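These are the residues of each chain, in order.
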There are 2 protein chains.
Amino acid sequence: MEKKEETIELEAGSGGEKSSELIEKIRNNFSVRGQWRNTGDDGAVLDLGESGKLVFTTDAFIVDPIFFPGGDIGKIAMCGTINDLTVMGARPLGIALSLVIEEGFPESDLMKIMKSVETMSRKSGVPVVTGDTKVMEKGKIDKIEITTSGVGLADKIIENNGAEPGDLIISSGDLGEHTVALLGVRFNYKTKIKSDSQTLHQEIAAVGKYLKAAKDPTRGGLAANIIEMAEKAKVKIILEDKLLPYKKETHAIAELLGIDVFSFASEGRFIAAVSPKNAQKALKILKKFNKEAKIIGRVGKGKGVYLKTKVGTERPIESPRGKLVPRIC
Amino acid sequence: MEKKEETIELEAGSGGEKSSELIEKIRNNFSVRGQWRNTGDDGAVLDLGESGKLVFTTDAFIVDPIFFPGGDIGKIAMCGTINDLTVMGARPLGIALSLVIEEGFPESDLMKIMKSVETMSRKSGVPVVTGDTKVMEKGKIDKIEITTSGVGLADKIIENNGAEPGDLIISSGDLGEHTVALLGVRFNYKTKIKSDSQTLHQEIAAVGKYLKAAKDPTRGGLAANIIEMAEKAKVKIILEDKLLPYKKETHAIAELLGIDVFSFASEGRFIAAVSPKNAQKALKILKKFNKEAKIIGRVGKGKGVYLKTKVGTERPIESPRGKLVPRIC
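Model, not experiment: these values are computed from the prediction. (Residues numbered from 1 in each chain as written. Chains lettered and ligands numbered in written order. Predicted model: local features only at pLDDT ≥ 70, side-chain atom pairs only at ≥ 80, totals over all residues. Heavy atoms only, no water.)

Some details on the sheet that holds strand 3 (residues 53-61) of chain B
Sheet strands line up and pair through hydrogen bonds in the backbone, either parallel or antiparallel.
Residues and elements named next belong to chain B.
Then, in step 1: The sheet built from 6 strands is open, its strands ordered 1-2-3-8-6-7 with mixed pairing. Edge positions in the sheet fall to strand 1 (37-38) and strand 7 (128-136), since each has one partner strand and no second.
Then, in step 2: Bridge analysis of strand 1 against strand 2 (residues 43-47) gives 2 bridges, and the strand direction is antiparallel. Each residue of the ladder has a partner; that of R37, found in strand 2, is V45.
Then, in step 3: Along the sheet, helix 3 (residues 107-124) contacts strand 6 (91-102), strand 7 and strand 8 (144-154); its crossing angle with strand 6, the most-contacted strand, is approximately 175°. (Pairing = 2+ DSSP bridges. Helix = DSSP H or I, 4+ residues; strand = E, 2+ residues; numbered from the N terminus. Contact = heavy atoms within 4.5 Å. Axes fitted to C-alpha atoms, helices over the stretch in contact; angles between N-to-C directions.)

Structure (structure tokens):
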């Protein structure tokens, strides 16, 4: 009997369990570590002594469609990388912008995307400092792919494993709206919801000192990212059904399409664990940026992430499975 | 009359003039600079005080075929980025590895490529410290694209504008063999020539102090890179026909295919300007690494790059034009 050849499937790009498995297989090849610390967060950390801690991160963006309500591929490429640095407590220093463009791609679209990059660069004060541009034959790449890499410096890293029993979980705003905006274009339905893509440097600068663990729930949504937070800290996290950070319309669309709302991605939000004594202070500050900021749950002893329903029962939140919606970011 | 829409064409990815034009158009969007110095070299530089100068670079690899004599896409992705740091005088600290994979890509091929990445990481001592993995639907990307970004630290940057009249131009070995190896596979002809891809950290560590300007002649080959070196330093560079750093077979293949040999790429060589008093010292050291290392020309007053023929006439070397051979790196 012929052995079936293993291939890479779309699910491995979903941000769920299959993604973690593939990443683990890739990482297992690498033996050289140097002085870097990889906390399993989105960036690696190198202590440079008096200069601070260097944080280094990279992200490939293959979003489809490339233009959507609230942004475009250039905007989320900048937001994604700046936020990955920011949620680790780093001050972003600079972005490297790598473009792979399909032959025949309209120059006007490229310049529109570059203007978005520039807008995010100006808003955040983070310069694009180096780059690369490649062109592939027609049909060999779907329009454009952008990889942004970033470097930042931190005095103190906000790691993703710091949640402790008793802590509260805060969301910096309503979640999942990046996915809603994309699905709206793809499935051609009307929604007022726009992509939530934005940089988080101001929010994090304001409340960073209160955050014991933080993560931007991009690919894999709240589900994948809160599960990661619980696993790393070896704690149980209980979300409250009545406090879920999703708009009614977001729930409705998830239901309509049969996709778990917890897998919906955001490109300008973070979730964080905060000690009870700081939670109200942090929340008050965050509400100045986004009135939807709220406490969505709490940390307990044990393991796993559970949703506490209105009647008091708990059901487990599971890591995204299946193909989900490909190419969300 | 309808205005024809401008589109991005393959030539803009060739490393020649059209590439420079497109990169200029992209860069013109960006106004934020921060404290970074962009010398127009392959990396940007940020002075971190006592820690040294941080060098940051990125490169997208879309090479076709992905496996070729002497390497694969993983090997050149590592060599390309490590070398971009190295030729600027930086000690590479770490690599960020971003993968965009086509749905259905064999996992065994992916692991073979990752083993190559690991081999280069071990040989150079430069760790892969962070990464990202995305999957695109079948037919939306051609097999796999890799973007490697790198950070390094330098005490002193080797800039690419330091050539002065009187200096000699050294090549660290025969050039263009990466392109020859790829063309061999694509056009199905037999050649003993393998890709010259390798890391340059040892060579540069040994002779770095003698180099007034250095560049790895990857995309765009010797032509694009030596023209850049002459333009930046506002000098004329004269290459000697009888000292050309190409094997006979490389010349023969270029002629056969009607492609200018000067546009053939290398992925493990550098060219450098060295003062006359250091040239023989540098050459002697370089020959220990590669016996084909040699002086290939000299720097004079004026501008442009010229080839001095055996009969003493000079003909200009021109920047690569036309489609050339796409997807060489």
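Now that the structure has been shown, we can carry on.
A word on helix 8 (residues 276-289) of chain B
Because an α-helix packs 3.6 residues into every turn, residues spaced three or four apart end up facing the same way.
Residue and element names in this part refer to chain B.
Then, in step 1: Over its 14 residues, helix 8 runs 21 Å from end to end, which matches the ideal 20 Å to within 8%, given 1.5 Å per residue.
Then, in step 2: Of the residues making up helix 8, those classed as buried are N278, A279, A282, L283 and L286.
Then, in step 3: The inward-facing, buried residues of helix 8 contact strand 9 (168-171), helix 5 (201-207), strand 12 (271-274) and strand 13 (294-300). (Expected span 1.5 Å × (residues − 1). Buried < 20%, exposed > 50% of the residue type's maximum accessible area, 1.4 Å probe, protein only.)

Structural notes on the pattern of salt bridges
Side chains carrying opposite charge are able to pair once their charged atoms draw close together.
Then, in step 1: Summed over the entire model, instances satisfying the criterion amount to 44 salt bridges over all chains.
Then, in step 2: Here B:K247 and B:D174 are joined by a salt bridge, their closest N and O atoms 3.4 Å apart. On the criterion of sequence distance, the pair formed by B:K247 in the loop between strand 11 (236-240) and helix 7 (248-257) and B:D174 in the loop between strand 9 and helix 4 (177-186) is long-range, its members being 73 residues apart.
Then, in step 3: Residue B:D174 is classed as buried on the basis of its relative accessible area, which comes to 6%.
Then, in step 4: One network of salt bridges, in which partners are shared, links A:E137, A:K140, B:D142, B:K143 and B:R327. (Salt bridge = Lys/Arg side-chain N within 4 Å of Asp/Glu carboxyl O.)

Some details on the state of the cysteines
Then, in step 1: Applying the stated rule across the entire model yields 0 disulfides over all chains.
Then, in step 2: You can see A:C329 has no disulfide; the closest cysteine sulfur is in A:C79, sitting 12 Å from it. (Disulfide = S-S within 2.5 Å.)

Some remarks on the pairing of strand 13 (residues 294-300) of chain A
All names here are of chain A.
Then, in step 1: Taking burial as the measure, the 7 residues of strand 13 include 5 buried ones, the bulk of the element.
Then, in step 2: For strand 9 (residues 168-171) and strand 13, the ladder comprises 4 bridges, and the chain directions are antiparallel. Within strand 13, the position partnered with I170 by the bridge is I295.
Then, in step 3: As defined by bridge partners, strand 11 (residues 236-240) adjoins strand 13 across 4 bridges and the pair is classed as antiparallel. Paired with I237 across the two strands is V299, which belongs to strand 13.

Here we look at the nonpolar core
Then, in step 1: In this structure, B:L110, B:M114, B:I144, B:L222, B:I237, B:L239 and B:F262 are the most contacted members of the largest nonpolar core, which totals 70 residues.
Then, in step 2: With 7 residues, the single largest contributor to this core is helix 6 (residues 221-233) of chain B.
Then, in step 3: In this structure B:M114 touches A:I26, A:N29, A:F30, B:L97 and B:L99, once residues within four positions along its chain are discounted.
Then, in step 4: In this structure, A:M78, A:I146, A:M229 and A:V305 belong to the second largest nonpolar core, which totals 69 residues. (Core = buried A, V, L, I, M, F, W, Y, C linked by side-chain atoms within 4.5 Å.)

A closer look at the interface of chain A and chain B
Then, in step 1: Counting from both sides, the interface comprises 84 residues of chain A and, opposite them, 84 residues of chain B.
Then, in step 2: Overall, the association of chain A and chain B removes approximately 7,100 Å² of surface from exposure, summing both partners, and the carbon and sulfur fraction of that is 62%.
Then, in step 3: Counting across the chain A and chain B interface gives 10 salt bridges.
Then, in step 4: Mapped onto the side of chain A that touches chain B, the elements with two or more residues apiece are helix 1 (17-27), strand 2 (43-47), strand 3 (53-61), strand 6 (91-102), helix 3 (107-124), strand 7 (128-136) and strand 8 (144-154) of chain A.
Then, in step 5: Broken down by class, the residue content of the side of chain A that touches chain B amounts to 39 nonpolar, 23 polar and 22 charged. (Buried area = accessible area lost by both parts, 1.4 Å probe. Nonpolar A, V, L, I, M, F, W, Y, C, P; charged D, E, K, R; others polar.)

Let's talk about the side chain of B:D84
Residue and element names in this part refer to chain B.
Then, in step 1: Mapped onto the elements, D84 comes out in helix 2 (residues 73-86).
Then, in step 2: In this structure D84 is buried but unpaired, with K215 as the nearest side chain of opposite charge at 6.7 Å.
Then, in step 3: Beyond its immediate stretch of four places on either side in the chain, D84 contacts D42, T57, D59 and D216. (Lys, Arg positive; Asp, Glu negative; His and termini not counted.)

Some details on the domain arrangement of chain A
Residue and element names in this part refer to chain A.
Then, in step 1: Parsing chain A into structural domains produces domain 1 (36-154) and domain 2 (168-316).
Then, in step 2: Each of domain 1 and domain 2 has a C-alpha centre, and the two are 23 Å apart.
Then, in step 3: Between domain 1 and domain 2 the total buried area reaches about 1,800 Å² when both faces are included, carbon and sulfur atoms providing 62% of it.
Then, in step 4: Among the residues domain 1 hides against domain 2, the three largest losses belong to P69, N83 and V87. Together they make up 29% of the total.
Then, in step 5: Here domain 1 and domain 2 share 1 salt bridge between them.
Then, in step 6: At the junction of domain 1 and domain 2, the tally comes to 6 residue pairs in polar contact (both at pLDDT 80 or more).
Then, in step 7: Elements represented by at least two residues in the side of domain 1 that touches domain 2 include exactly helix 2 (73-86) and helix 3.
Then, in step 8: By residue number, the principal contributor to the side of domain 1 that touches domain 2 is helix 2, which donates 8 residues.
Then, in step 9: For the side of domain 1 that touches domain 2, a count of residues per class yields 9 nonpolar, 7 polar and 6 charged. (Domains from an automatic or database assignment. Polar contact = N/O pair within 3.5 Å; in protein donor to acceptor, adjacent residues only side chain to side chain.)

So, the packing of helix 3 of chain A against helix 1 (residues 17-27) of chain B
Then, in step 1: Contact geometry for helix 3 of chain A and helix 1 of chain B: axes closest at 9 Å, N-to-C directions at 40°. By the angle between their axes, helix 3 of chain A is oblique relative to helix 1 of chain B. Note on element contacts: helix 1 of chain B touches helix 3 of chain A through B:L22, B:K25 and B:I26, opposite A:E107, A:L110, A:M111 and A:M114.
Then, in step 2: Tallied by class, the residues present in the contact of helix 3 of chain A with helix 1 of chain B amount to 5 nonpolar, no polar and 2 charged. (Parallel < 35°, antiparallel > 145°, perpendicular 65-115°, else oblique.)

Here we look at the packing of aromatic side chains
The geometry of an aromatic ring pair comes down to the distance between the two centres and the angle between the two planes.
Then, in step 1: Inspection of every chain in the model, using the stated rule, returns 5 aromatic pairs over all chains.
Then, in step 2: A ring pair is formed by A:F56 and B:F56, whose centres lie 6.0 Å apart and whose planes are at 80°; its orientation type is edge-to-face. Of this pair, A:F56 sits in strand 3 while B:F56 sits in strand 3, on two different chains.
Then, in step 3: A relative accessible area of 0% means that A:F56 is categorised as buried.
Then, in step 4: On the numbers, 5.9 Å between centres and 80° between planes, the contact of A:Y246 with A:F262 is edge-to-face. One end of the pair, A:Y246, is in the loop between strand 11 and helix 7 (248-257); the other, A:F262, is in the loop between helix 7 and strand 12 (271-274), with 16 residues separating them in the sequence. No difference in accessibility class separates A:Y246 from A:F262, as the two residues are buried.
Then, in step 5: Three or more aromatic residues joined by ring pairs make a cluster, and in this case those are A:W36, A:F56, B:W36 and B:F56.
Then, in step 6: Lying over the aromatic face of A:F67, A:K112 brings its terminal NZ or CZ to 4.3 Å of the ring centre. (Phe/Tyr/Trp six-rings, centres within 6.5 Å; stacked < 30°, edge-to-face > 60°. Lys NZ or Arg CZ within 6 Å of the ring centre and 35° of its normal.)

Some thoughts on the environment of B:V100
Then, in step 1: Assignment of secondary structure puts B:V100 in strand 6.
Then, in step 2: For B:V100, a relative accessible area of 0% corresponds to the buried category.
Then, in step 3: Separated by 43 residues in the primary sequence, B:V100 and B:K143 have C-alpha atoms spaced 8.5 Å apart.
Then, in step 4: Excluding residues that lie within four positions of it along the chain, B:V100 makes contacts with A:A60, A:I62, A:E145, B:K134, B:M136, B:I141, B:K143, B:I144 and B:E145.

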